[in-house]
There are 2 protein chains.
Amino acid sequence: MRVSEIGEFGLIERIKRRLTPPGSDVIEGIGDDAAIIRTDSDEYLIATCDIQMEEVHFRRKFITPDQLGQRAVAVNISDVAAMGGIPTYLLVSLGLPAEIEVNYIDQLYCGMEREAKRSGAVIVGGNITRSPQLIIDIFLLGKVKHDLLITRSGAQQGDLLLVTGDLGKGAAGLRLLDSEAAERDEMIDAQLRTAHLTPIPRLPESRIIAKLQTATAMIDLSDGLASDLGHICRASGVGAVIWAESLPISTATRKAAILTGCDPLHLALYGGEDYELLFSVPPELVAPLQQAVIAETGTSVTVVGKIVSSTEGIKVAIANKFSPLLARGWDHLAQRERKN
Amino acid sequence: MRVSEIGEFGLIERIKRRLTPPGSDVIEGIGDDAAIIRTDSDEYLIATCDIQMEEVHFRRKFITPDQLGQRAVAVNISDVAAMGGIPTYLLVSLGLPAEIEVNYIDQLYCGMEREAKRSGAVIVGGNITRSPQLIIDIFLLGKVKHDLLITRSGAQQGDLLLVTGDLGKGAAGLRLLDSEAAERDEMIDAQLRTAHLTPIPRLPESRIIAKLQTATAMIDLSDGLASDLGHICRASGVGAVIWAESLPISTATRKAAILTGCDPLHLALYGGEDYELLFSVPPELVAPLQQAVIAETGTSVTVVGKIVSSTEGIKVAIANKFSPLLARGWDHLAQRERKN
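About the thresholds
Each chain has its residues counted from 1, running along the sequence as written. Whichever chain is written first becomes A and whichever ligand is written first becomes 1, with later ones labelled in order. Local features in this predicted model are restricted to residues of pLDDT 70 or higher, and side-chain atom pairs are both shown and tallied only at a pLDDT of 80 or more, whereas totals for entire chains, interfaces and linings draw on every residue. Segments assigned H or I by DSSP are reported as helices when at least four residues long, segments assigned E as strands when at least two residues long, and all are numbered from the N terminus. For the radius of gyration, the atoms used are the C-alpha atoms, and the globule rule reads 2.2 Å times the number of residues raised to 0.38. Exposure criterion: with C-beta atoms placed from backbone coordinates, a residue whose C-beta has 20 or more other C-beta atoms within 10 Å is buried, one with 12 or fewer is exposed, and one in between is partly exposed. Multiplying 1.5 Å by the residue count of a helix minus one yields the expected span of that helix. In this analysis an axis means a line fitted to C-alpha atoms, helices contributing only their contacting stretch, and an angle means the value between N-to-C directions, from 0 to 180 degrees. Oblique is the label for any angle not covered by the other classes, which are roughly parallel (under 35 degrees), roughly antiparallel (over 145) and roughly perpendicular (65 to 115). Residue pairs qualify as contacts under a 7 Å threshold applied to their C-beta atoms, which are placed from the backbone. Under the scheme applied here, ten amino acids are nonpolar (Ala, Val, Leu, Ile, Met, Phe, Trp, Tyr, Cys and Pro), four are charged (Asp, Glu, Lys and Arg), and all others, including Gly, are polar. Strands qualify as paired when DSSP identifies two bridges or more between them. Only residues with pLDDT of at least 70 in both copies count here: their C-alpha atoms drive the least-squares fit that superposes the copies. For our purposes the nonpolar core covers buried Ala, Val, Leu, Ile, Met, Phe, Trp, Tyr and Cys residues that link as a set through C-beta atoms within 7 Å. Seen with its strands pointing away from the viewer, a crossover is right-handed when the path leading from the first strand over the helix to the second is clockwise. For the purposes of this description, domain bounds are those given by an automatic or database domain assignment. The predictor's confidence in any single residue is recorded as pLDDT, a number from 0 to 100.

(A) Broad picture of the overall build of chain A. The secondary structure content of chain A amounts to 10 helices and 15 strands. Relative to the compact-globule value of 20 Å for 340 residues, chain A shows a C-alpha radius of gyration of 19 Å, a close match. Each principal axis of the C-alpha atoms in chain A carries an extent, and together these give about 60 × 55 × 50 Å. Considering chain A as a whole, with its 340 residues, one finds that 56% of them fall into the buried category.

Put into structure tokens, the structure is as follows:
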């Protein structure tokens, strides 16, 4: 069997099953966004990695080196934010085609350092090698106080599901980059392309959510709401309902969907690369959390559904009609939409 | 200017110079084998990464997936050993061509886990993506007690230079793999190919050297003795003399050199990928160190030169004639031998 047939998540599950289970110091291991490790201090160590590979995750003609550097760091910071953590140190593993200009690397590091600094993280090392295509593989460390850690596994039946910001913008931006439509709106183009190319990880929002200690589970939306909600449900042993009409979708994303001939709801549910936070909170604790986040960061937090029993599965309600929510998302390994 | 013109070390120096210097918690940052970070505990955190990229670092027809997994982890453990540290946790970032068999990945992880376990390290996570060629990028964490840390920068004039094991075997093994010589010796082939494909990091030896607290500087030999000695000399502000006749070169390496038409001394000085330890020790403390290492590990430790004043440069003495030792080594980025 080829890896393209088993897909990314199938392969990760297989690897996890075959390896010796780690000791009790490993709080979260293979299969989560980041590893969580107990240390001597009162903070867990967080370790994560995420790669940007040319022609798989980006095309050089669409993204400046500064933007690429920012993006490569941002998607890793998003993984640390998803656990309620604070980024600390990062290593940069670069694969470089020989014809790349030194000036390109200068700008790449400029973007990486700016994004790292914004979250308080420091570049401390890495590795450089030759490669047929440009590769930026970032290894990010972070920390989180024991009682502020939020994993995927604590969602309880009755909790409401919330997301920061708005959904579908990452995928809408990608569609605009790929589209050759004659009719364009420069404002929308700029807004959504920026959202796609240089997502802003929700680190300040995550800090507030973590400190309130009311969120029961959290994940960042990298694969798409449907897919990432599936991770929370499986880890927590629960089901969920998403209320389609409640999903925050910006006017720009709706217009881009029309321009590129697709359904904005599809972008919001399955699009991926939004890097918003999806988390669960008991109903009575939702309002103070929403107020705290918007007051301190200006970011809206929207209730988009609720956690139900695992026997009810994962559904989306559109105009009071329930349909199973397929955990679709783009599977880079299988090179197809994931359906499971 | 292209990155192939500036080369790997030139680019690393440039990146280091352009980035904001890290704070005082970063004991060793960009440019060393591993980053050393102060934490709340009495141990420094070590973080390093090293990649194995198909067609750059290995060819799939020459190495089994199990060997490749072992090798990918081993070269990272060698970097932690070079600081006197203990490996703890690792993340595996994989780039996979779609046609790779799942069974290949099983065996790859088998090799990685076995090598990790041998040093007490645990695989705690990673990332998988599609890639045109097979890529294994390992991110390894480790730890070292404050007073056991050995960096590149403490070598003192008058110290003797020592290496573990023997030199040139990694390069000799590579030459045998590449060679199509009719005349072969199966024993030599097997011994040197194994040395090249699955180097054994000198972790037990490093632990003894670190605990004795007599080594003033240390590095692992990945780029070649000449190149890696250059790193110690630059970091310590000293010069060095290597005594060519003292270099430990095995009979197998000498025979392989003859078979493939090259000078064994060249392999020992410039070959690289030996993953032995090169370190400096005050003369009066050499004998007890050699005895301790061989008694506990069976590994020989050989005096190969001495540290001199920086004004004397870096030289090799062959039959009492001194020549400048060029810091040559294979520069993956420049795709040529490095000469500086």
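(B) Main features of helix α10 (residues 286–297) of chain A. Taking 1.5 Å of rise per residue, 12 residues should cover 16 Å, and α10(A) covers 16 Å from first to last C-alpha, within 8% of that figure. Two residues or fewer after α10(A) comes A:Gly298, characterised by a positive phi angle close to 80 degrees.

(C) Here's a closer look at the packing of helix α5 (residues 186–197) of chain B against helix α8 (residues 251–259) of chain B. All names here are of chain B. For the pair α5 and α8, interaxial distance at closest approach is 10 Å and the crossing angle is 105 degrees. Classified by the angle their axes make, α5 and α8 are roughly perpendicular. Facing α5, whose interface residues are Ile188, Gln191 and Leu192, α8 presents Ala252, Thr253, Lys255 and Ala256. Class assignment for the residues of the contact of α5 with α8 results in four nonpolar, two polar and one charged.

(D) Highlighting the interface of chain A and chain B. Taken together, the contact between chain A and chain B spans 64 residues of the former and 63 residues of the latter. Those elements that provide at least two residues to the side of chain A that touches chain B are α1 (3–18), β2 (35–37), β3 (43–53), β4 (86–96), α3 (102–118), β5 (122–130) and β6 (135–145) of chain A. Partitioning the side of chain A that touches chain B into residue classes produces 34 nonpolar, 17 polar and 13 charged.

(E) A look at the sheet that holds β6(A). All names here are of chain A. Taken together, six strands build an open sheet; the order of strands is β1-β2-β3-β6-β4-β5 and the sheet is mixed. The open sheet has two edge strands with one neighbour each: β1 (26–28) and β5. Each neighbouring strand pair of the sheet contributes to a mean axis angle of 20 degrees, computed without reference to strand direction. Along the sheet, α3 contacts β4 and β5; its crossing angle with β5, the most-contacted strand, is approximately 150 degrees.

(F) Main features of the relation of the copies chain A and chain B. Superposition of chain A onto chain B requires a rotation of 180 degrees combined with a translation of 0.0 Å along the rotation axis, giving an RMSD of 0.0 Å. Between the two chains, the operation in question is that of a two-fold axis. By residue overlap, the copies meet face to face through one surface: 98% of the interface positions of chain A are interface positions in chain B.

(G) Fine view of the nonpolar core. By size, the foremost hydrophobic cluster in this structure holds 210 residues, and its most contacted members are A:Ala47, A:Leu90, B:Ala47 and B:Leu90. In contact with A:Leu90, not counting residues within four places along its chain, are A:Val73, A:Ala116, A:Ala121, A:Ile123, A:Val124, A:Ile138, A:Phe139, A:Leu140 and A:Leu141.

(H) The arrangement of unusual backbone geometry in detail. Despite not being glycine, A:Glu55 shows a phi value in the positive range, around 70 degrees. With respect to the helices and strands, A:Glu55 occurs in the loop between β3 and α2 (65–81). Owing to 12 C-beta atoms within 10 Å, A:Glu55 belongs among the exposed residues under this scheme. Despite not being glycine, B:Tyr275 has its phi angle at roughly 55 degrees, a positive value. Assignment of secondary structure puts B:Tyr275 in the loop between α9 (264–270) and β10 (277–281). Residue classification places B:Tyr275 among the buried residues on the basis of 25 C-beta atoms within 10 Å.

(I) Geometry of the environment of A:Arg60. Residue and element names in this part refer to chain A. Inspection of the secondary structure puts Arg60 in the loop between β3 and α2. Given 15 C-beta atoms within a 10 Å radius, Arg60 is considered partly exposed. Between the alpha carbons of Arg60 and Leu134 there is a distance of 8.7 Å; along the sequence they are 74 residues apart. Apart from residues no more than four positions distant in its own chain, Arg60 is found in contact with Glu54 and Leu134.

(J) Seen up close, the pairing of strand β8 (residues 217–220) of chain A. Residue and element names in this part refer to chain A. Taking every second residue as pointing to the same face, both faces of β8 are buried, with Ala217 and Ile219 on one and Met218 and Asp220 on the other. Sheet analysis places β8 next to strand β10 (residues 277–281), joined by four bridges and oriented antiparallel. The partner of Ala217 across the bridge, within β10, is Ser280.

(K) Examining the pairing of β4(A) more closely. All names here are of chain A. Judged by how many residues are buried, β4 sits mostly within the fold: 11 of 11 residues are covered. Two elements, β4 and β6, share eight bridges in a ladder whose sense is antiparallel. Pairing of Gly95 across the sheet is with Ile135, part of β6. Strand direction decides the pairing type here: β4 and β5, joined by eight bridges, are parallel. When the bridges of β5 are listed, Leu96 appears paired with Arg130. In this view, the connection linking β4 to its parallel neighbour β5 by way of α3 has right-handed handedness.

(L) Expanded view of the domain arrangement of chain A. All names here are of chain A. Per the domain assignment, the segments making up chain A are domain 1 (32–148) and domain 2 (160–338). Here the C-alpha centre of domain 2 lies 23 Å away from the C-alpha centre of domain 1. Taken together, the contacts link 18 residues of domain 1 with 20 residues of domain 2.

(M) Region of the structure containing the confidence of the model for chain A. In the predicted model, chain A carries a mean pLDDT of 93, and the fraction of residues at 70 or more is 95%. Model confidence for the complex is summarised by a pTM of 0.94, with the ipTM given as 0.92.

(N) Quick look at the sheet that holds strand β11 (residues 301–308) of chain B. Residue and element names in this part refer to chain B. Pairing is mixed in the open sheet, where seven strands are placed in the order β8-β10-β7-β11-β9-β12-β13. Only two strands of the sheet have a single neighbouring strand rather than two, namely β8 (217–220) and β13 (321–324). Averaged over all neighbouring strand pairs, the angle between strand axes comes to 25 degrees, with direction disregarded. Two elements, strand β7 (residues 160–164) and β10, share four bridges in a ladder whose sense is antiparallel. Across the sheet, the residue bridging to Leu161 is Ser280, located in β10.

(O) Representation of helix α7 (residues 225–236) of chain A in the model. Residues and elements named next belong to chain A. The terminal C-alpha atoms of α7, which comprises 12 residues, lie 16 Å apart, in line with the 16 Å expected from a rise of 1.5 Å per residue. Judged by how many residues are buried, α7 sits mostly within the fold: 10 of 12 residues are covered. Every buried residue of α7 is listed here: Leu225, Ala226, Ser227, Asp228, Leu229, Gly230, His231, Ile232, Cys233 and Ser236. Positive phi appears at Gly237, one or two residues downstream of α7, with a value of about 65 degrees.

(P) Representation of the environment of B:Glu28. All names here are of chain B. Tracing the backbone shows Glu28 in strand β1 (residues 26–28). Taking C-alpha positions, Glu28 is 19 Å from Leu277, a pair spaced 249 residues apart along the chain. With residues up to four places along the chain from it excluded, the contact list for Glu28 reads Ala35, Ile36 and Thr151.

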